[in-house]
Amino acid sequence: MAMRQTPLTCSGHTRPVVDLAFSGITPYGYFLISACKDGKPMLRQGDTGDWIGTFLGHKGAVWGATLNKDATKAATAAADFTAKVWDAVSGDELITLAHKHIVKTVDFTQDSNYLLTGGQDKLLRIYDLNKPEAEPKEISGHTSGIKKALWCSEDKQILSADDKTVRLWDHATMTEVKSLNFNMSVSSMEYIPEGEILVITYGRSIAFHSAVSLDPIKSFEAPATINSASLHPEKEFLVAGGEDFKLYKYDYNSGEELESYKGHFGPIHCVRFSPDGELYASGSEDGTLRLWQTVVGKTYGLWKCVLPEEDSGELAKPKITFPETAEEELEEIASENSDSIYSSTPEVKA
């Protein structure tokens, strides 16, 4: 029976959403952080999109955001020339790391002891978070502003992308190992530790490379300019979104387009699979996050499959369900935290 995709819409931001990241799976589920040009990164429950809190403190657009693996710390990169580290449980600001230009990207090591940053001053910086007052290690070599920087190979190497170049660095020697040059601007980069795969988007291309050697694996062409792509944890599918407001889902092995959905009202800037692979999140110019089911119709999170009457001729549609006490709980949370990081409660809706 045909099923219709019904995304969850997470509102609350007032400007374009430009980056998002999931935590790993914790005893409390998994979490989602979003970076937005409104300067107010938000933390949400990953499987439902329920708003948990807003990190307040930046004085400019936030371009990058990430969570450590167990979702105890968050890091953000902003146009106010700072990167910040936050307690993701209380919402408190822990460390402010001053830079000389706009910061675009942040990434924790697996043990959360070091933070990698990159931005418009073309330098990679590595901060020891146990000694935040110490000067960071710096790696130079990029010739334009850094868009993305990621730890890889168990933190022994670093991947970074500027306008038209992706570079691989050795952490121990702080030297460049190899680089890739593209004939158009690199729009995004995702690192998959299982299998050491690097996903790069540029123009209408979605390219897969070895994260160890940067050798090409395969590439696909999309119908429109792509801003972001993500590979499913089991490497069965990939999803991508870009300038035509659509999300595309492809078979990773064959490259066949399986589905495409339109839900956003502006270009899609970022897309990522959840750590369990059950959903993917997208962030857009329209100021919203949307959560999409990987397998449409499966009962998961707030989605519950409801079958229509047999003779009605209607499509089966996943129904969005809320706990009976949800509204009471939200009101109680808002009142309890009125003086903390929690501001007004954004909506999650179908």
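Residues numbered from 1 in each chain as written. Predicted model: local features only at pLDDT ≥ 70, side-chain atom pairs only at ≥ 80, totals over all residues. Heavy atoms only, no water.

Identification of the protein as Serine-threonine kinase receptor-associated protein from Equus przewalskii is taken from an unreviewed UniProt entry. Under the UniProt heading Sequence similarities (unreviewed entry), the entry covering the protein gives this text: "Belongs to the WD repeat STRAP family." (UniProt positions renumbered as here; feature names shortened; annotations may be inferred.)

Chemist: Before we go on, may I ask you to explain the packing of aromatic side chains in this structure?
Modeler: How two aromatic rings sit relative to each other is given by the distance of their centres and the angle of their planes. The final tally for this structure, using the stated rule, is nine aromatic pairs. Each ring, one from Phe 55 and one from Trp 86, has its centre 5.2 Å from the other, and the planes form 45 degrees; the classification is tilted. Residue Phe 55 is found in the loop between β5 (51-54) and β6 (62-67), and its partner Trp 86 is found in strand β8 (residues 82-87); the two are separated by 31 residues along the sequence. As far as the burial class goes, Phe 55 and Trp 86 line up, both buried. Consider the rings of Phe 273 and Tyr 280, whose centres lie 5.4 Å apart with planes at 70 degrees: the pair is edge-to-face. Here Phe 273 falls in the buried class, since its relative accessible area comes to 7%. (Phe/Tyr/Trp six-rings, centres within 6.5 Å; stacked < 30°, edge-to-face > 60°. Helix = DSSP H or I, 4+ residues; strand = E, 2+ residues; numbered from the N terminus. Buried < 20%, exposed > 50% of the residue type's maximum accessible area, 1.4 Å probe, protein only.)

Chemist: Is there a simple way to think about the sheet that holds strand β9 (residues 93-98) in this case?
Modeler: In sheet architecture, strand pairing relies on hydrogen bonds along the backbone and comes in two forms, parallel and antiparallel. With antiparallel pairing, four strands are arranged side by side in an open sheet as β6-β7-β8-β9. Each edge of the open sheet carries a strand with a single partner, namely β6 and β9. Here the average twist between neighbouring strands, direction ignored, is 15 degrees. Two elements, strand β7 (residues 73-78) and β8, share five bridges in a ladder whose sense is antiparallel. Looking across to β8, one finds that Ala 74 is bridged to Trp 86. (Pairing = 2+ DSSP bridges. Axes fitted to C-alpha atoms, helices over the stretch in contact; angles between N-to-C directions.)

Chemist: Is there a simple way to explain the pairing of strand β14 (residues 148-152) in this structure?
Modeler: Regular strands show a simple pattern: their side chains alternate between the two faces of the sheet. Within β14, five of the five residues are buried, which leaves the element mostly enclosed by the surrounding structure. Along β14, one buried face is formed by Lys 148, Leu 150 and Cys 152 and the opposite face, lined by Ala 149 and Trp 151, is buried too. Bridging between β14 and strand β15 (residues 157-161) involves five bridges; their strand directions are antiparallel. What sits directly across from Cys 152, in β15, is Gln 157. Once β14 ends, the chain turns through four residues before running back antiparallel as β15, passing Ser 153 with a positive phi of about 50 degrees.

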